Amino acid sequence: MTDILQTHPSVLPLVGGINFRDLGGKKLSNGGVIRPGMLFRSGSLDRLTNTDQSLLIDKNLFQIIDYRDSGEIVDKPDRIWEGAQYYHAPANPLSKEVSANLEKLTPEILEQFDAKAFMFQLYQLLPINNPAYKQLATLLKQPEKGGVVQHCAVGKDRTGVGSALVLFALGASLDMVMEDYLLTNETLAPYRAYLLEEHAKTMSDNIVDKFAYVYSVQEDFLQTALASINQHYGNVDTWLEKDIGLDASSRDTLQNYFLE
């Protein structure tokens, strides 16, 4: 699995990292550049080695927000390094209907599972009145406690919307937000291939194809989230203020800290 290290410059050189990357270095339309080593996105942290943990300590990364459902955490608990503050903030708005841990569903259920309908409903609901992203905003407002890593299972959907939130709050354009979102197709590729290979050992081709779809990122997914935001709030700025709790003053403060 070490081939994941070479996929993109933003990916941290972690032996057990899953799609673990730094948002730093991005040049924003407001003229700022995101400071490296402060804002991270990732998949689950259950595979981190001791060396990986030491690297994260050296980077002053001490705030972890985990968007996974409780069942996912039981199966693959994060390896939390010394000094880190861990926050469980489940973000899956469909948890009562469908666990995010899809591989635990029975083959009978998975054969009937409509992957496309699930993904579009997920993205429609994710950004609206989600307590997890309010928790994220709280962590962003306390940077003195160390860098922040937000993560879910593979760092794609729940983390994808959370990362879009961070980038928008810092003044990123839609093009940059979408570029970072779609980058997951590249940075997740090695682990995605591994998961699909494992699924193929016990699942039908039909079910594996559904997982391949669920493990992808597509422009239409994030556009669905943005359309939902616009439907409920009119625009992203109002969403950030009214839903997430990041008004113009708060965002100025964040930009002063996280941009160079």
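Note on numbering: residues in each chain are counted from 1, in written sequence order. Only residues with pLDDT of at least 70 get local features here, since the model is predicted, and only at 80 or more are side-chain atom pairs given and counted; chain-wide, interface and lining totals rely on the full set of residues. The basis for every side-chain value is the complete set of non-hydrogen atoms in the structure, without hydrogens or water.

- Going by the annotation in an unreviewed UniProt entry, the name recorded for the protein chain is Tyrosine-protein phosphatase, with Proteus alimentorum given as the source organism.

## Things to note about the nonpolar core
The nonpolar side chains of soluble globular proteins are, as a tendency, buried together.
So, point 1. Buried residues of nine kinds, namely Ala, Val, Leu, Ile, Met, Phe, Trp, Tyr and Cys, make up a nonpolar core once their side-chain atoms join them within 4.5 Å. Note on classification: 1.4 Å probe, protein chains only; a residue is buried when its accessible area is under 20% of the maximum for its type, exposed when over 50%, partly exposed between these limits. With 68 residues, the main nonpolar core has Leu-39, Tyr-133, Leu-136, Leu-170 and Leu-240 as its most contacted residues.
So, point 2. In this structure Leu-240 touches Leu-165, Phe-168, Ala-169, Gly-245, Leu-246 and Arg-251, once residues within four positions along its chain are discounted.
So, point 3. In terms of nonpolar packing, the next biggest core, distinct from the first, is built from 13 residues, Phe-20, Leu-61, Trp-81 and Val-149 among them. The criterion used for residue contact is that any of the two residues' heavy atoms lie within 4.5 Å.

## Observations concerning the pairing of strand E2 (residues 39-42)
So, point 1. Each helix is a run of H or I in the DSSP string that is no shorter than four residues. Each strand is a run of E no shorter than two, and both are numbered from the N terminus. Neither face of E2 is open: one carries Leu-39 and Arg-41, the other Phe-40 and Ser-42, and all of them are buried.
So, point 2. Relative to E2, strand E1 (residues 21-22) runs antiparallel, the two being bridged by 2 bridges. Its bridge partner lying in E2, Arg-21 is registered against Arg-41.
So, point 3. Pairing geometry for E2 and strand E5 (residues 147-151), over 4 bridges, is parallel. From the neighbouring strand, Arg-41 faces E5, where its bridge partner is Gln-150. Whether two strands pair depends on DSSP finding at least two bridges between them.

## Describing the confidence of the model for the protein chain
So, point 1. On average, residues of the protein chain score 93 in pLDDT, and 95% of them are at 70 or above.
So, point 2. Below pLDDT 50 for its whole length, residues 1-5 participates in 17 contacts with residues either more than four positions away or in separate chains. pLDDT expresses, on a scale from 0 to 100, how confident the predictor is about each individual residue.

## Comments concerning the pattern of salt bridges
So, point 1. Any carboxyl oxygen of Asp or Glu within 4 Å of a side-chain nitrogen of Lys or Arg constitutes a salt bridge here. Inspection of the entire model under this criterion finds 10 salt bridges.
So, point 2. In this structure, Arg-68 engages Asp-66 in a salt bridge whose closest nitrogen and oxygen atoms are separated by 2.9 Å. The pair formed by Arg-68 and Asp-66 is uniform in burial state, with each residue classed as buried.
So, point 3. Its salt-bridge partner being Asp-157, residue Lys-156 comes within 2.6 Å of it at the nearest N-O pair. For the pair shown, Lys-156 and Asp-157 are each scored as buried.
So, point 4. Here the salt bridges share partners, and the residues they tie into one network are Arg-21, Lys-26, Arg-41 and Asp-180.

## A look at helix H4 (residues 115-125)
So, point 1. Among the residues of H4, those classed as buried are Ala-115, Phe-118, Met-119, Leu-122 and Tyr-123. Projection of H4 onto a plane perpendicular to its axis shows the buried side chains occupying an angular sector of 120°, all on one side.
So, point 2. The secondary structure elements touched by the buried residues of H4 are helix H6 (158-169), helix H7 (174-182), helix H10 (205-214) and helix H11 (219-233).
So, point 3. The opening residue of H4, the one whose side-chain oxygen lies 3.3 Å from the backbone nitrogen of Lys-116, is Asp-114. Here the arc refers to the directions that run from the helix axis out to each C-beta atom. Pairs of N or O atoms within 3.5 Å make up the polar contacts considered here, provided that, within protein, one atom can donate a hydrogen while the other can accept it, and that residues adjacent in sequence are counted only when both atoms are side-chain atoms.

## Examining the sheet that holds E1
So, point 1. Reading across the sheet, the 5 strands line up as E1-E2-E5-E3-E4 and stay open at both edges, with mixed pairing between neighbours. With partners counted over all chains shown, the strands left at the sheet margins are E1 and strand E4 (85-88), one partner each.
So, point 2. As judged from the 5 bridges shared by strand E3 (residues 61-66) and E5, these two strands associate in the parallel manner. Within E5, the position partnered with Asp-66 by the bridge is His-151.

## Topic: H6
So, point 1. Its 12 residues place the ends of H6 17 Å apart at the C-alpha level, agreeing with the 16 Å of an ideal helix rising 1.5 Å per residue.
So, point 2. Most of H6 is tucked away, with 12 of its 12 residues classed as buried.
So, point 3. Along H6, the residues that are buried comprise Arg-158, Thr-159, Gly-160, Val-161, Gly-162, Ser-163, Ala-164, Leu-165, Val-166, Leu-167, Phe-168 and Ala-169.
So, point 4. With its phi angle positive at about 100°, Gly-171 sits one or two positions after the end of H6. In a helix, the anticipated span is given by 1.5 Å times the number of residues less one.

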